[in-house]
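Descriptive structure summary
Listed here are the chains, written in short residue letters.
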Number of protein chains: 2
Amino acid sequence: MGSDGGAAELVRGAVQALDESDITVTLVGDETEIREALGSHQPDSRIRIVHAAQIVTMDDSPMDAIRKKKDSSMIRAFDLFKGGEVDAVVSAGNSGAVMASAVKFMGRLQGIQRPAIAGVFPTLKNPVIMADVGANVDCRATHLYQFAIMASAFSKIMFDIKNPRVGLLSIGAEGGKGNALVKKTHGLLEKSRLNFIGNVEGCDTFKGDVDVIVCDGFVGNVCLKLTEGLAESVLTMLREEISKTFKAKVGYFLARHAFGTFKKRVDYAEYGGAPLLGLNGTAIICHGRSSSTAIKNALFVADELSAHRVNDHILDMLSAVDHSEEMD
Amino acid sequence: MGSDGGAAELVRGAVQALDESDITVTLVGDETEIREALGSHQPDSRIRIVHAAQIVTMDDSPMDAIRKKKDSSMIRAFDLFKGGEVDAVVSAGNSGAVMASAVKFMGRLQGIQRPAIAGVFPTLKNPVIMADVGANVDCRATHLYQFAIMASAFSKIMFDIKNPRVGLLSIGAEGGKGNALVKKTHGLLEKSRLNFIGNVEGCDTFKGDVDVIVCDGFVGNVCLKLTEGLAESVLTMLREEISKTFKAKVGYFLARHAFGTFKKRVDYAEYGGAPLLGLNGTAIICHGRSSSTAIKNALFVADELSAHRVNDHILDMLSAVDHSEEMD
């Protein structure tokens, strides 16, 4: 209920997901609004409504959401998870509140110090996963190290990559380059069993030669939003130039299908939301202004992660790593 | 001499600058190579050659450049500055070595703790200046505060902006959002006499509603390279889509002028190099693979900063700030 556009767009996304897969969906929120948005698709064996009277707004603090809004769509959804009624939670609401609720209701995976948000970026080849993109603004090297493990597990399951190439986001290719945090993390990743390919730079993000990029949540969030902003601005500037002459306008008309395919290719909506990794459960954080396509894809990501037990993979990788460290 | 493409492209840029302005240029490096590149433009009252036998390579450490390569084009150029023979130094060589040499030969401005590199980004409106984009990877709040002062002075002179709007790069608009460094810097900027408009996010960078963006050099360098990489990838992806059908190719042909103008608009070369601010002198760091246009524009930036005494402006702003603090 707390997304920028209210319930309707999310309900549309859920209906699309039902049409294209065999998942079941529980819609949590204002029942009247949801029924209205559902239109001819009324509740049946695959679609359920759970009423919640309150809404966590974008201005609520995470603590207020948990303490004072127990009957909100967000908290009710996590309650359903805790009661074993759903396998995963997808939300386009206040992301700080989603994170806090997810940690409280699902709990951290054994051994994980800090859950992280994994963002998916389009590239010239396969998409690349960046972690963390906003859950942890001040990090230690062990946190980044665990982000690498969690994002690798996500990459394996989501994109079928056997041995994901892990890069450490820095400002130079050599191991000695970077800030204090990055230099320390480099040492940890080098000793790990992960497929660590060394430092990568901002310009490597979109080339597609790395599957997982590790950084702290401050840097990752700046990257995420910079990418979003730049892609939008580039298209606006291009449109401005094209609208200046009749010939260019005709040209754009003829090439418009290519533009459409291109836009789809760089559209974050294609990759659904960003999973919060490192929990005893599956939670997907979506953009507040998610389209129905983004919600549909986020539901598919949630299904994929939960069905293929991403958390078991993370635990396995954590213990394998611990074991190798003991032997060192 | 140490740029990716050698001396020829830089010499071409210098000749273009001479044609379009009344500056004088001293070319420092291998005399034979420079004479060859100059072709019909041989030395005269506005163009001088100073021979240097050594080259600082991209792999040299800054300390090695200074200690072991005293007869390199880079060190000789800074020597000329120290001897009062030139007003500014422009280099497309090893940027770490340029920074170290600039600090050693020009010295820091009185009161400046850390010189910073100012990057210029294209936006939907006026260009925005980001500082620091790579000189300082681990920063304290007072450093970021001084970056704001230096970049404001640069913005005033370079883009004729009376009272530059200063934004602090963070991951949320509210003052409480960000990592520990950003939160502390927010407090300092709020109390300053600068035109501080609060936090800005990655997505605000290209909108043109802020003139100066402040961040530490790690984050800024990641942003700089991410922007470069994304702009290139976006154009590659678009070209791929367009090449898929005949109709789209015809369309692109008709709209190609718009694409050209667009490319020029987002091309970093249009803004020349990035000045290293906070020195008793003017030093411009250019991309290793700078085009002649980028070099020409970097020479103009150097001329502008030196002629309009950016450093006096910085000193004035620093002392105004100190004064206001004393009165608090």
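Our structure is the block above this text.
One structure accompanies this document, and this report is about it.

Calculation notes
- Residues numbered from 1 in each chain as written.
- Chains lettered and ligands numbered in written order.
- Predicted model: local features only at pLDDT ≥ 70, side-chain atom pairs only at ≥ 80, totals over all residues.
- Heavy atoms only, no water.
- Contact = heavy atoms within 4.5 Å.
- Buried area = accessible area lost by both parts, 1.4 Å probe.
- Salt bridge = Lys/Arg side-chain N within 4 Å of Asp/Glu carboxyl O.
- Helix = DSSP H or I, 4+ residues; strand = E, 2+ residues; numbered from the N terminus.
- Nonpolar A, V, L, I, M, F, W, Y, C, P; charged D, E, K, R; others polar.
- Phe/Tyr/Trp six-rings, centres within 6.5 Å; stacked < 30°, edge-to-face > 60°.
- Lys NZ or Arg CZ within 6 Å of the ring centre and 35° of its normal.
- Buried < 20%, exposed > 50% of the residue type's maximum accessible area, 1.4 Å probe, protein only.
- Least-squares fit on C-alpha atoms with pLDDT ≥ 70 in both.
- Polar contact = N/O pair within 3.5 Å; in protein donor to acceptor, adjacent residues only side chain to side chain.
- Pairing = 2+ DSSP bridges.
- Right-handed = clockwise from strand over helix to strand, strands pointing away.
- Axes fitted to C-alpha atoms, helices over the stretch in contact; angles between N-to-C directions.
- Parallel < 35°, antiparallel > 145°, perpendicular 65-115°, else oblique.
- Core = buried A, V, L, I, M, F, W, Y, C linked by side-chain atoms within 4.5 Å.
- Expected span 1.5 Å × (residues − 1).

A few points about the interface of chain A and chain B
Across the contact, 48 residues belong to chain A and 48 residues belong to chain B. Both faces considered, chain A and chain B share a buried interface measuring about 4800 Å² in area, 77% of it formed by carbon and sulfur atoms. If you sort the residues of chain A by the area they bury against chain B, Phe 218, Leu 226 and Met 237 of chain A come out on top, with a joint share of 15%. Summed over the shared surface of chain A and chain B, the result is two salt bridges. Taking the shortest distance from any N to any O, the salt bridge between Lys 225 of chain B and Glu 201 of chain A comes out at 2.3 Å. The biggest single contributor to the side of chain A that touches chain B is helix 8 (residues 217–242) of chain A, with 19 residues. Classifying every residue of the side of chain A that touches chain B gives 28 nonpolar, 13 polar and seven charged.

Side note on the packing of aromatic side chains
Enumeration over the complete set of coordinates arrives at four aromatic pairs over all chains. The ring of Phe 105 of chain A carries the charged tip of Lys 104 of chain A above its face, separated from the ring centre by 5.9 Å.

A few points about unusual backbone geometry
In this structure, Asp 132 of chain A follows Ala 131 of chain A across a cis peptide bond, with omega equal to 5°. For Asp 132 of chain A, the location among the structural elements is in the loop between strand 5 (128–131) and helix 6 (141–159).

Let's talk about the environment of Leu 277 of chain B
Residue and element names in this part refer to chain B. Along the chain, Leu 277 falls in strand 9 (residues 274–277). Here Leu 277 falls in the buried class, since its relative accessible area comes to 3%. Expressed as a C-alpha distance, the spacing of Leu 277 and Arg 256, which sit 21 residues apart in the sequence, is 38 Å.

Let's talk about the relation of the copies chain A and chain B
Of the two same-sequence chains, chain A is brought onto chain B (RMSD 0.1 Å, axial shift 0.0 Å) by a rotation of 180°. Accordingly, the operation relating the two chain copies is best matched by a two-fold axis. Nearest to the rotation axis, the C-alpha of Gly 251 of chain A is located 1.8 Å from it, this being the minimum over chain A. Counting the interface residues of chain A, we find that 100% of their copies in chain B are interface residues as well, pointing to one common contact surface.

Looking at the side chain of Gln 146 of chain B
Residues and elements named next belong to chain B. The topology assignment puts Gln 146 in helix 6 (residues 141–159). A polar contact is formed between the side chain of Gln 146 and the backbone nitrogen of Gln 113, at a distance of 2.8 Å. With residues near it in sequence (within four places) discarded, Gln 146 still touches Gly 111, Ile 112, Gln 113, Arg 114 and Leu 318.

Some details on the pairing of strand 7 (residues 195–200) of chain B
Residues and elements named next belong to chain B. Here five bridges tie strand 6 (residues 165–169) to strand 7, and the two strands are oriented parallel to one another. Counterpart to Leu 168 in the pairing with strand 7 is Asn 199. Handedness of the crossover is the feature at issue here: the chain leaves strand 6, passes through helix 7 (residues 180–191), returns alongside strand 7, and the resulting connection is right-handed.

With respect to the packing of helix 6 of chain B against helix 10 (residues 292–307) of chain B
When two helices pack together, their arrangement is given by the angle between the helix axes and the distance between those axes. All names here are of chain B. For the pair helix 6 and helix 10, the least separation of the axes is 10 Å and the interaxial angle reads 110°. What the angle tells us is that helix 6 and helix 10 run roughly perpendicular. On the side of helix 6, the interface is formed by Phe 154, Ile 157 and Met 158, while helix 10 contributes Val 301, Glu 304 and Leu 305. Residue classes in the contact of helix 6 with helix 10 are distributed as five nonpolar, no polar and one charged.

Looking at the sheet that holds strand 6 (residues 165–169) of chain A
Residues and elements named next belong to chain A. Reading across from one edge, 3-10-9-4-5-8-6-7 is the order of the eight strands in this open sheet, with mixed pairing throughout. If you trace the sheet from one side to the other, it starts and ends with strand 3 (88–91) and strand 7 (195–200), each paired once. For this sheet, the mean angle separating the axes of adjacent strands, direction not counted, is 25°. Note that strand 4 (residues 116–121) and strand 9 (residues 274–277) share two bridges and pair antiparallel. Opposite Ala 116, over in strand 9, you have Leu 277 as the bridge partner. Taken strand by strand, helix 6 contacts strand 4, strand 5, strand 6, strand 8 (212–214) and strand 9, and its axis lies near 165° from that of strand 8.

Some words on the pattern of salt bridges
Counted by the stated rule, this structure contains 30 salt bridges over all chains. Notably, a salt bridge pairs Glu 174 of chain A with Lys 177 of chain A, separated by 3.0 Å at the nearest N-O pair. In this structure, Glu 85 of chain B engages Arg 48 of chain B in a salt bridge whose closest nitrogen and oxygen atoms are separated by 3.1 Å. Of the two residues, Glu 85 of chain B sits in the loop between helix 4 (73–82) and strand 3 (88–91) while Arg 48 of chain B sits in strand 2 (residues 47–51), which places them 37 residues apart along the sequence. The exposure class of Glu 85 of chain B is partly exposed, given its relative accessible area of 48%. Classification of Arg 48 of chain B by relative accessible area gives partly exposed; the value is 33%.

Examining the nonpolar core
Of all hydrophobic cores here, the largest spans 200 residues; its most connected members are Phe 78 and Leu 169 of chain A together with Phe 78 and Leu 169 of chain B. In terms of residue count, helix 6 of chain A provides more of this core than any other element does, 11 residues in total. Discounting chain neighbours no more than four positions away, the residues touching Phe 78 of chain A are Val 89, Val 98, Ser 101, Ala 102, Phe 105, Met 106 and Ala 283 of chain A. In this structure, Ala 248, Ala 258 and Phe 259 of chain A together with Ala 255 of chain B belong to the second largest nonpolar core, which totals 12 residues.

Quick word on helix 10 (residues 292–307) of chain A
Taking 1.5 Å of rise per residue, the 16 residues of helix 10 of chain A would be expected to cover 22 Å, and the 22 Å separating its terminal C-alpha atoms lies within 8% of that figure. Buried within helix 10 of chain A are the following residues: Ser 292, Ala 294, Ile 295, Lys 296, Asn 297, Ala 298, Leu 299, Val 301, Ala 302 and Leu 305 of chain A.

Some words on the side chain of Ser 101 of chain B
All names here are of chain B. As for its placement among the helices and strands, Ser 101 is situated in helix 5 (residues 95–106). What makes Ser 101 buried here is its relative accessible area of 0%. With near-sequence residues (within four places) excluded, Ser 101 lies in contact with Ile 66, Met 74, Ile 75, Phe 78 and Met 106.

Some words on helix 5 of chain B
Residue and element names in this part refer to chain B. A rise of 1.5 Å per residue sets the reference length of helix 5, with its 12 residues, at 16 Å; its end C-alpha atoms lie 16 Å apart and thus fit the reference within 8%. Inspection of helix 5 places Ala 97, Val 98, Met 99, Ala 100, Ser 101, Ala 102, Phe 105 and Met 106 among the buried residues, and these make up the whole buried set. The inward-facing, buried residues of helix 5 contact helix 3 (62–68), helix 4, strand 3, strand 4 (116–121), strand 9 and strand 10 (282–285). With a side-chain oxygen lying 3.1 Å from the backbone nitrogen of Gly 96, the N-terminal cap of helix 5 falls on Asn 94. Positioned one or two residues after helix 5, Gly 107 has a phi angle of 80°, which is positive.

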